[in-house]
2 protein chains.
Amino acid sequence: MPDSAAAPTSQRILDLAERLVQTRGFNGFSYADIAASLGVTKASLHYHFPAKAELGRRLIGRYEENFVAALAAIERKVKRPLEKLRRYAAIYAGVLAQDRMCLCGMLAAEYATLPKAMQKELQHFFDENERWLARVLEEGRRARELDFSGAPREVARLLISSLEGAMMLARSHGDATRFRAVAERLMGDLAA
Amino acid sequence: MPDSAAAPTSQRILDLAERLVQTRGFNGFSYADIAASLGVTKASLHYHFPAKAELGRRLIGRYEENFVAALAAIERKVKRPLEKLRRYAAIYAGVLAQDRMCLCGMLAAEYATLPKAMQKELQHFFDENERWLARVLEEGRRARELDFSGAPREVARLLISSLEGAMMLARSHGDATRFRAVAERLMGDLAA
DNA sequence: GTCTATAGGTGGATAGAC
DNA sequence: GTCTATCCACCTATAGAC
């Protein structure tokens, strides 16, 4: 999903806003920033997204759609549970490689300041991630390819927490290798 | 360190600003917020902290001092490495119990928007944490009380990432038990 | 769909009286 | 050390012409 210059304005707005949230946070950019970058006026942005809260809500929705599609692609291409987990971590690594934080991880930090509608969408994103991971974990344990104690849902939460946290710290240290090291250690700990 | 109403103004400012950063982020509060809560004017705040960047720098410095003191207290009270790690995680749990995020974890998310001076102080905080954890891990492995592969410094980074991430997600789900579950799992994975 | 113009508010910050 | 008063830049958002 590159920000093609020929794309409809509403999509160019979303693409740019997405990057801004991922790098600076929802409270770290303004309509003026987007307008200047796209060469349009603020008023024009308000035509497409009347309120910033609405823009934020749509950003989460689109991000989640793309994420779900990526998870489905993993399911199609890969059979082994451990490899599915590696690909899951690779999604995060790909985002970090663009010097971005996970959109929803960033928003989780700003949670208390977000409009209610955005808070709700955020929860949904993480729930979806948890459910997918828990299913893969369960499947892997059954197949004796993965080994862990306790509920799959709890391991799923550990994975999400650790990957999001590692992404955040790798970004602030300007050192993506930190993320990879954490991700590989997590996967290694799960291999049977 | 409760925000005693009788404390000097500069300390009351720091106490309140700290809580605001931990709950709303550095870009999520203003001098006006503090002024209103303390019953003073914005001009008075600027007397104590001429610029917000300076206030932010001092916040990190004080937070780090307190953190270092807490780590020293652990060393005094506890001998077993695994128990030291548990107490380390308990510091995080204590912060979360006040419905706050780790000050520096919050700032790490906002990293790209922070003044350079704050960015530097932030790195120092995490480096200090890493060094302390790495030493405890090394000590524990030598004593055969802890078991892990690879460099202690890398495990230290995993612990910090995971605890910060778990804190962030627990807060946005309004569910502190999520944090405890992650913390206990991390400790369990390290026990020999 | 995009523009000009502007409203109404808040941001951080300063001057100068007390 | 705290106040009043004020500056100016920026914020989100709207009205109305093209």
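Residues numbered from 1 in each chain as written. Chains lettered and ligands numbered in written order. Predicted model: local features only at pLDDT ≥ 70, side-chain atom pairs only at ≥ 80, totals over all residues. Heavy atoms only, no water.

1. Description of the pattern of salt bridges
- Evaluated as defined, the whole model comprises 34 salt bridges over all chains.
- As a salt-bridge pair, Arg185 of chain A and Glu154 of chain B come within 3.6 Å of each other at their nearest N and O atoms. Remark: Glu154 of chain B occurs in helix 8 (residues 152-173) and Arg185 of chain A occurs in helix 9 (residues 176-190); the pair is interchain, linking two chains.
- Given a relative accessible area of 34%, Glu154 of chain B falls into the partly exposed group.
- The closest approach of N and O atoms between Glu121 of chain B and Arg57 of chain B, which form a salt bridge, is 3.9 Å. Residue Glu121 of chain B is located in helix 7 (residues 116-142), and its partner Arg57 of chain B is located in helix 4 (residues 52-77); the two are separated by 64 residues in the primary sequence.
- Classification of Glu121 of chain B as partly exposed rests on a relative accessible area of 24%.
- Judged by relative accessible area, Arg57 of chain B falls into the partly exposed class, the value being 28%.
- Within this structure, Glu130, Arg153 and Arg157 of chain A together with Asp175 and Arg178 of chain B form a network of salt bridges that share partners. (Salt bridge = Lys/Arg side-chain N within 4 Å of Asp/Glu carboxyl O. Helix = DSSP H or I, 4+ residues; strand = E, 2+ residues; numbered from the N terminus. Buried < 20%, exposed > 50% of the residue type's maximum accessible area, 1.4 Å probe, protein only.)

2. With respect to the packing of aromatic side chains
- As enumerated under the stated definition, the model contains 18 aromatic pairs over all chains in all.
- Here Phe26 of chain A and Phe29 of chain A contribute two aromatic rings whose centre-to-centre distance is 6.0 Å and whose plane-to-plane angle is 80°, an arrangement assigned as edge-to-face.
- A centroid spacing of 5.2 Å and a plane angle of 55° characterise the contact between Tyr88 of chain B and Tyr92 of chain B, whose relative ring orientation is tilted. One end of the pair, Tyr88 of chain B, and the other, Tyr92 of chain B, are both in helix 5 (residues 81-97), 4 residues apart, so they sit about a helical turn from each other. Comparing Tyr88 of chain B with Tyr92 of chain B, the two get one shared label, buried. (Phe/Tyr/Trp six-rings, centres within 6.5 Å; stacked < 30°, edge-to-face > 60°.)

3. As for the protein's contact with DNA strand D
- By nearness alone, 18 residues border DNA strand D, and Ser30 and Lys52 of chain A together with Thr41, Tyr47 and His48 of chain B come closest of all.
- Here the atoms of DNA strand D within 4 Å of the protein split so that 60% fall in sugar or phosphate, with bases taking the remainder.
- In the environment of DNA strand D, a base oxygen lies 3.3 Å from a nitrogen or oxygen atom belonging to the side chain of Lys42 of chain A.
- The backbone of Lys52 of chain A places a nitrogen or oxygen atom 2.7 Å from a phosphate oxygen of DNA strand D. (Near = heavy atom within 4 Å. Polar contact = N/O pair within 3.5 Å; in protein donor to acceptor, adjacent residues only side chain to side chain.)

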